[in-house]
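Survey of secondary and tertiary structure
Below are the chains, spelled out letter by letter.
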Amino acid sequence: MSFERRTGGVQHHRFEDPLLDEVLCSAGPGSDPGRRKDRMRFLIAVTGADGHHAPLSWAEIDPDLGQARVLLATRIDGTPLDARGPQPVLPQDRCGARHVSGITAVRVDGGYGGRPAAEGDEGV
């Protein structure tokens, strides 16, 4: 993948590992399959070790909707990120706007807009 940095030009890297939507689906975000488009109400917040946050929406990463291929990279250019922790990779973002180093938490929340939070909405 190539990323354009505002101050450093274009960088090329190879990232490996799962897609964010696959990880979140396996954790069970608590959407109601009986309610059409219920999963679209979920917002996702990724937090890094330095306190930096990156917001996403479920609709953005859902393969049936926005189809953004967001990775939870655990390897960069063949080197494990074990010591630093995983990082999200959003190839559609310009200049790494939502880059987060060393993910410490991924929160999935669907309980906004006056609707009480459903069980499972608090975090993944």
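Residues numbered from 1 in each chain as written. Predicted model: local features only at pLDDT ≥ 70, side-chain atom pairs only at ≥ 80, totals over all residues. Heavy atoms only, no water.

As for the overall build of the chain
Where we set the bar: To qualify as a helix, a DSSP run of H or I must reach at least 4 residues; to qualify as a strand, a run of E must reach at least 2; elements of each kind are numbered from the N terminus. Per-residue accessibility, obtained with a 1.4 Å probe over protein chains only, is compared with the maximum for each type, and a residue is labelled buried under 20%, exposed over 50%, and partly exposed between these values. Between two residues, a contact is recorded if the distance between any of their heavy atoms is within 4.5 Å. Residue burial considers only the protein chains on display, and all accessible areas are found by Shrake-Rupley using a 1.4 Å probe.
Along its length, the chain carries 2 helices and 10 strands. Counting from the amino terminus, the chain carries its helices and strands in the arrangement β-β-β-α-β-β-α-β-β-β-β-β. Classification of the 124 residues of the chain by burial places 32% in the buried group. Across the chain, the fraction of contacts at a sequence separation of at least 24, relative to all contacts at a separation of at least 6, is 55%. Just so you have it, the chain exposes about 7300 Å², and 51% of that area is on carbon and sulfur atoms.

Quick look at the sheet that holds strand E3 (residues 15-16)
Put simply, the rule reads: The criterion for strand pairing is that DSSP finds at least two bridges linking the strands in question.
As summarised here, the arrangement of the 3 strands in space is E3-E7-E8, forming an open sheet in which the pairing is antiparallel. Strands with a single pairing partner mark the edges of an open sheet, and in this sheet they are E3 and strand E8 (79-80). Here strand E7 (residues 75-76) runs beside E8; their pairing, made up of 2 bridges, is antiparallel. Each bridged residue has a counterpart across the sheet, and for Arg75 the counterpart in E8 is Pro80.

A closer look at the nonpolar core
Worth spelling out the cut-off: In plain words, nonpolar cores are sets of buried Ala, Val, Leu, Ile, Met, Phe, Trp, Tyr and Cys residues tied together by side-chain atoms within 4.5 Å.
In terms of nonpolar packing, the biggest core is built from 17 residues, with Leu20, Leu24, Ile44, Val46, Leu56, Ile61 and Val70 touching the most fellow members. Elements supplying a minimum of two residues to this core: helix H1 (20-27), strand E4 (43-48), strand E5 (53-57), helix H2 (58-61) and strand E10 (103-109). Sort the elements by how many residues they give to this core and E10 lands first, with 3 residues. The residues contacting Leu56, other than those within four sequence positions of it, are Leu20, Leu43, Ile44, Val46, Ile61, Val70, Leu90 and Arg98. If you look at the next biggest cluster of nonpolar residues, it comprises 7 residues, including Phe15, Leu19, Leu71 and Ala73.

So, the sheet that holds E4
Put simply, the rule is: Every axis in this analysis is a line fitted to C-alpha atoms, fitted for helices over the stretch in contact. Angles between the N-to-C directions lie between 0 and 180 degrees.
Spatial ordering of the open sheet is given by E5-E4-E10, a layout of 3 strands whose pairing is antiparallel. The strands lining the two open edges of the sheet, one partner per strand, are E5 and E10. Direction aside, the axes of adjacent strands within the sheet are offset by 15° on average. Where E4 meets E5, 5 bridges bridge the pair, whose relative direction is antiparallel.

So, to be careful, I would describe these as geometric facts and stop short of saying anything about function.
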